[in-house]
Protein chains: 2
Amino acid sequence: MTEGGRSRPPVVILVRPQMPENIGAAARAMRNFGLTELRLVRPRERWPNEKAVSMAANAVGVLDDARLFDTLEAAVGDLDRVFATTARERHIVKPILTPRGAAVEARAGLRPGYLFGPERTGLEAEEVAAAQAIVEIPTDPDYASLNLAQAVLVCAYEWRLAGTTRPDRALPTGEHGLASQAELGSLYEHLENELQAGGFFRTAAQKPTMVQNLRAIFSRADLTEQEVRTLRGAVKSLTTRRKIPKGRAD
Amino acid sequence: MTEGGRSRPPVVILVRPQMPENIGAAARAMRNFGLTELRLVRPRERWPNEKAVSMAANAVGVLDDARLFDTLEAAVGDLDRVFATTARERHIVKPILTPRGAAVEARAGLRPGYLFGPERTGLEAEEVAAAQAIVEIPTDPDYASLNLAQAVLVCAYEWRLAGTTRPDRALPTGEHGLASQAELGSLYEHLENELQAGGFFRTAAQKPTMVQNLRAIFSRADLTEQEVRTLRGAVKSLTTRRKIPKGRAD
């Protein structure tokens, strides 16, 4: 296993693709996620093909650089890890990966590649045999037929995601930053004092639980400093118009 | 947070979609991953639209059931979690999720929905404001413009993957199962005895390391019982034709 940083983006190998439009759409999907190296093994239609160009949007560079091969063997010769995408059950003892699992393993190699079969039939058994592992995209069993370019897209997306350090959830707070616990405490105190004055806490016994529940609401919101100021202003604004306290709990 | 099992598949809400073809392709992408509920907020072209049908393949049922809305507010009214997909930076303090993070949170809700903006401009700031969180698909910054249906595909794929129990790597071994350590030990012993007889181990001192390295090769292959038998047959076959041992290490 090598460092992910040295791994090159996967090569996409389309085996006997039937529709040039799908080659173009695959090139676009590749480019969206930073893949640029496309190889074609015996495409059905002539190559280059303007129908591919029409579907590639701004990814025509990927098509221009695409390499043609007569055999799958030649197309994968320089690759160190080859993944075969297939929807069909294979009677062969070979690891089956999710696209996510394949992305992790692709990044562990130096020169990974993904095989995609013809639109109608998929890869033949002997073509799958050329790969170290099988990738199965978890589609709905009742509607499993994924378009060629969509299969490329899912694999390319997973490869890119596997290389990001981005957290699955982030909260960008701009220049202000999250409020400190002290700032939150001041907001809570301000709000609770005004609620106390307004008779919100029916009884002294109920108050601690009501306070906890209120604080939980604001705590979940991950308030910024600026938002704490905004809320304090809002409390002040609400209480300024208060004429006569309606009652007191204590 | 509710149990994932009770969560319904996300509703896909296309806000002011421009191209009916993209609506059809989005329906197909949805259907591939088990999503069926499509809502359209003020599509640019008339609806229903045969251009959408032509791109939906066998997912025309999703189009037939699609609901039209005049406002985004009405389209999301019954949903408990709404995610806005956008590629643009927003000056708003709102969680930013990867498609993976969104899928996990979607499954924690009962009635999740994803918003997708118009092809050319994306969602407006006030439309993003209608969502609890933003979803950013990690595209290549130099080529970030993802097709509408492709954005739907990535979100739908992640939602489905988040609900599978499938491991990222599995090895289906059929009826035979993996070989036991004892079976592997017999194979190793057989092989090493024959190698010893053939003079493969140059010196007694080198033998332990060479044995370890050989065993590591077969160990990594996760052999099945059947494969162990095959390899033992192969060793036997190789040694049957051996005429004269060429040398001995000990």
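The model shown is predicted, which means the values in this text are computed figures rather than measured ones. (Residues numbered from 1 in each chain as written. Chains lettered and ligands numbered in written order. Predicted model: local features only at pLDDT ≥ 70, side-chain atom pairs only at ≥ 80, totals over all residues. Heavy atoms only, no water.)

Requested: an account of the overall build of chain A, with residues and values cited.
Check the secondary structure of chain A and you find 10 helices and 8 strands. Its C-alpha atoms give chain A a radius of gyration of 29 Å, clearly above 18 Å, the size a compact globule of 250 residues would have. Here chain A holds 250 residues, and the buried ones make up 47% of them. Of all intrachain contacts in chain A linking residues separated by at least 6 positions in sequence, the fraction that spans at least 24 positions is 83%. (Helix = DSSP H or I, 4+ residues; strand = E, 2+ residues; numbered from the N terminus. Rg over C-alpha atoms; globule rule 2.2 N^0.38 Å. Buried < 20%, exposed > 50% of the residue type's maximum accessible area, 1.4 Å probe, protein only. Contact = heavy atoms within 4.5 Å.)

If you had to explain helix α9 (residues 207-220) of chain A to someone new, which residues and values would you point to?
Relative to the 20 Å expected for 14 residues at 1.5 Å per residue, α9(A) spans 20 Å between its end C-alpha atoms, a close match to the ideal helical length. Where α9(A) terminates, the next one or two residues include D222(A), which has phi positive at roughly 50°. (Expected span 1.5 Å × (residues − 1).)

Lay out the sheet that holds strand β5 (residues 96-97) of chain A with the relevant residues and their values.
Overall, mixed pairing links the 8 strands, which are arranged β3(A)-β2(A)-β1(A)-β6(A)-β4(A)-β7(A)-β5(A)-β8(B) in an open sheet. The two strands at the open ends of the sheet, each matched to only one other strand, are β3 (67-69) of chain A together with β8 (169-170) of chain B. Where strand β4 (residues 81-85) of chain A lies against strand β6 (residues 112-116) of chain A, 4 bridges are found, and the strand directions are parallel. Following the sheet pairing, F83(A) is matched in β6(A) by Y114(A). Each of β4, β5, β6 and β7 (133-135) of chain A together with β8 of chain B touches helix α5 (residues 99-108) of chain A; the most contacted strand, β4(A), lies at about 165° to it. (Pairing = 2+ DSSP bridges. Axes fitted to C-alpha atoms, helices over the stretch in contact; angles between N-to-C directions.)

Pulling in residues and values, what's your account of the interface of chain A and chain B?
Contacts between chain A and chain B engage 52 residues on the former and 52 residues on the latter. Between chain A and chain B we count 8 salt bridges in total. Between R31(B) and D140(A) there is a salt bridge whose closest N-O contact spans 3.1 Å. At the boundary of chain A with chain B, the tally comes to 29 residue pairs in polar contact (both at pLDDT 80 or more). Taken together, the elements giving at least two residues each to the side of chain A that touches chain B come down to α1 (20-32), β5, α5, α7 (148-162) and β8 (169-170) of chain A. For the side of chain A that touches chain B, the element with the highest residue contribution is α7(A), accounting for 7 residues. As paired strands, β5(A) and β8(B) are joined by 2 bridges and run antiparallel to one another. Looking across to β8(B), one finds that I96(A) is bridged to A170(B). (Salt bridge = Lys/Arg side-chain N within 4 Å of Asp/Glu carboxyl O. Polar contact = N/O pair within 3.5 Å; in protein donor to acceptor, adjacent residues only side chain to side chain.)

Give me the lowdown on the packing of helix α1 (residues 20-32) of chain B against helix α7 (residues 148-162) of chain B, citing residues and values where you can.
All names here are of chain B. Two numbers describe how α1 lies on α7: the axes approach to 8 Å, and their chain directions differ by 15°. By the angle between their axes, α1 is roughly parallel relative to α7. As for the relative orientation of α1 and α7, their crossing is right-handed in sense. On the side of α1, the interface is formed by N22, A25, A26, A29 and M30, while α7 contributes L148, A149, V152, L153 and A156. (Parallel < 35°, antiparallel > 145°, perpendicular 65-115°, else oblique. Left-handed = near helix turned anticlockwise from the far one by under 90°.)

Describe the environment of E119(A), naming the residues involved and giving the relevant values.
Residue and element names in this part refer to chain A. Structurally, E119 is set in the loop between β6 and α6 (125-128). Spatially, the C-alpha atom of E119 lies 18 Å from that of T71, the residues being 48 residues apart in sequence. Not counting residues up to four positions away in its chain, the partners in contact with E119 are P17, Q18, M19, N22 and L148. Engagement of the side chain of E119 in a polar contact is seen with the backbone nitrogen of Q18, the distance being 2.7 Å. Among the polar contacts made by the side chain of E119, one reaches the side chain of N22 at a distance of 2.9 Å.

Before we move on, can you summarise the side chain of H190(A) with the specific residues and values?
Within the secondary structure, H190(A) sits in helix α8 (residues 181-197). Among residues more than four places away in sequence, those in contact with H190(A) are R232(A), V235(A) and K236(A).

Give a description of the sheet that holds strand β2 (residues 38-41) of chain B that names residues and reports values.
Taken in spatial order, the 8 strands of this open sheet run β8(A)-β5(B)-β7(B)-β4(B)-β6(B)-β1(B)-β2(B)-β3(B), and their pairing is mixed. Every other strand in the sheet has two partners, leaving β8 of chain A together with β3 (67-69) of chain B as the edge strands with one partner each. Across the sheet, α7(B) lies against β1 (11-15), β4 (81-85), β6 (112-116) and β7 (133-135) of chain B, angled at about 155° from β6(B), the strand it touches most.

Go over the relation of the copies chain A and chain B with me, naming the residues and quoting the values.
Relative to chain B, chain A is turned by 180° and slid 0.1 Å along the rotation axis, the superposed coordinates differing by an RMSD of 0.1 Å. Between the two chains, the operation in question is that of a two-fold axis. Measuring from the rotation axis to each C-alpha of chain A, the shortest distance belongs to V154(A), at 3.4 Å. A symmetric contact is evident, with 100% of the interface residues of chain A recurring at the interface of chain B. (Least-squares fit on C-alpha atoms with pLDDT ≥ 70 in both.)

Got a sec to walk through the pattern of salt bridges? Specific residues and values, please.
Under the counting rule described, the total for this entry stands at 28 salt bridges over all chains. Measuring nitrogen to oxygen at the nearest pair gives 3.6 Å for the salt bridge that ties R111(A) to E37(A). Of this pair, R111(A) sits in the loop between α5 and β6 while E37(A) sits in the loop between α1 and β2 (38-41), and the two are 74 residues apart along the sequence. The salt bridge partner of R215(B) is E192(B), with a shortest N-O separation of 2.8 Å. Of this pair, R215(B) sits in helix α9 (residues 207-220) while E192(B) sits in helix α8 (residues 181-198), and the two are 23 residues apart along the sequence. Owing to a relative accessible area of 10%, E192(B) belongs among the buried residues under this scheme. Where salt bridges share partners, they join R8(A), E37(A), R39(A), D78(A) and R111(A) into one cluster.

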